[in-house]
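Summary of structural features
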Amino acid sequence: DKPCLTGFELKYMHWYANAGLNEGLNILRAPGCFPHGVTISAMGYYRTGSTLLFNVARLWAALGAGVGGMVSGFNCFGRQTVNPTPKERRESKCTIVCKDHEWRPGAAEHSNAILMSHRDPWESLCSRKMMDMWCKDPPKALAKQYQGANAPEYKTKCLASDKMQRT
């Protein structure tokens, strides 16, 4: 079993175990405190803070669920992927924390909590441009035309064309 905490997070827990962290973890993990078996979806458009939101939810869930009590990752999906039968879904104590930029089938119906990030659209667009994410991938209609050796040509043409930047 691979823990849902990073090496740094595990080291931090080890370093501060006797400095009050264990007391807090024992309270958080006490019966009835942490809601085991829930699905938490962190959603948001690109560059809006959804990764920060996901990591905060993931850390809280990992601390509450303990080692082996949760799974986390990108792409939110219906819980039936993890627990295929209704009986398994009712009895599962596995907590799921996922992050996505789009609504996938089953995500809303199977999430106990949906956390949404928000940012002014202007700031999101500026962030994408500053991170060189502008004109990065062609739209689906042009994807075949700009494959392989032709891929860099798309970015050059897109950056030079106001019309292409709007698609």
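These lines cover the structure that appears in this document, whether it is placed above or below. Values in this document were obtained by computation on a predicted structure and should not be read as measured data.

So, about the overall build of the chain. Helices and strands together make up the secondary structure of the chain, namely 8 helices and 4 strands. Listed N to C, the secondary structure of the chain is α-α-β-α-β-α-β-α-β-α-α-α in terms of helices and strands. Computed over C-alpha atoms, the radius of gyration of the chain comes to 21 Å, more than 25% over the 15 Å expected from 2.2 N^0.38 for 167 residues, which places it beyond the range of a compact globule. Taking the principal axes of its C-alpha atoms as reference, the chain extends roughly 60 × 40 × 30 Å. Here the contacts in the chain between residues at least 6 apart in sequence split such that 71% fall between residues at least 24 apart. Working note: accessible area of the chain is about 11200 Å², and carbon and sulfur atoms make up 58% of it. Taking the average location of the 22 positive side-chain charges in the chain and that of its 14 negative ones, the two points are 3 Å from each other.

A word on the sheet that holds strand S2 (residues 70–74). Pairing within the open sheet is parallel, and its 4 strands lie in the order S2-S3-S1-S4. Edge positions in the sheet fall to S2 and strand S4 (113–116), since each has one partner strand and no second. In this sheet, neighbouring strand axes are inclined to one another by 15° on average, regardless of whether the strands run parallel or antiparallel. Relative to strand S3 (residues 95–100), strand S1 (residues 39–43) is paired through 5 bridges, and the arrangement is parallel. Within S3, the residue paired with Ala 42 across the bridge is Lys 99. Each of S1, S2, S3 and S4 is contacted by helix H3 (residues 50–65), which is oriented at about 170° to S3, the strand it contacts most.

When helix H6 (residues 121–130) is considered as a whole, its buried residues turn out to be Ser 124, Ser 127 and Arg 128. On an axial view of H6, the arc spanned by its buried residues comes to 100°, and they lie on one face. Turned more than 90 degrees from where H6 packs its buried face, Trp 122 and Met 130 sit exposed. Following H6 by one or two positions, Asp 132 has its phi on the positive side, about 60°.

What follows deals with the packing of helix H1 (residues 7–15) against helix H2 (residues 17–28). At their nearest, the axes of H1 and H2 sit 7 Å apart, and the two run at 105° to each other. Considering the angle they form, H1 stands roughly perpendicular to H2. Each of Tyr 12, Met 13, His 14 and Trp 15 in H1 lies in contact with H2, whose residues at this interface are Ala 17, Leu 21 and Leu 25. Looking at the contact of H1 with H2 residue by residue, the classes come out as 6 nonpolar, 1 polar and no charged.

Parameters at a glance
- Residues numbered from 1 in each chain as written.
- Predicted model: local features only at pLDDT ≥ 70, side-chain atom pairs only at ≥ 80, totals over all residues.
- Heavy atoms only, no water.
- Helix = DSSP H or I, 4+ residues; strand = E, 2+ residues; numbered from the N terminus.
- Rg over C-alpha atoms; globule rule 2.2 N^0.38 Å.
- Contact = heavy atoms within 4.5 Å.
- Areas by Shrake-Rupley, 256 points an atom, 1.4 Å probe, with all protein chains shown as cover.
- Lys, Arg positive; Asp, Glu negative; His and termini not counted.
- Charge placed at Lys NZ, Arg CZ, Asp CG, Glu CD.
- Pairing = 2+ DSSP bridges.
- Axes fitted to C-alpha atoms, helices over the stretch in contact; angles between N-to-C directions.
- Buried < 20%, exposed > 50% of the residue type's maximum accessible area, 1.4 Å probe, protein only.
- Arc of directions from axis to C-beta.
- Parallel < 35°, antiparallel > 145°, perpendicular 65-115°, else oblique.
- Nonpolar A, V, L, I, M, F, W, Y, C, P; charged D, E, K, R; others polar.

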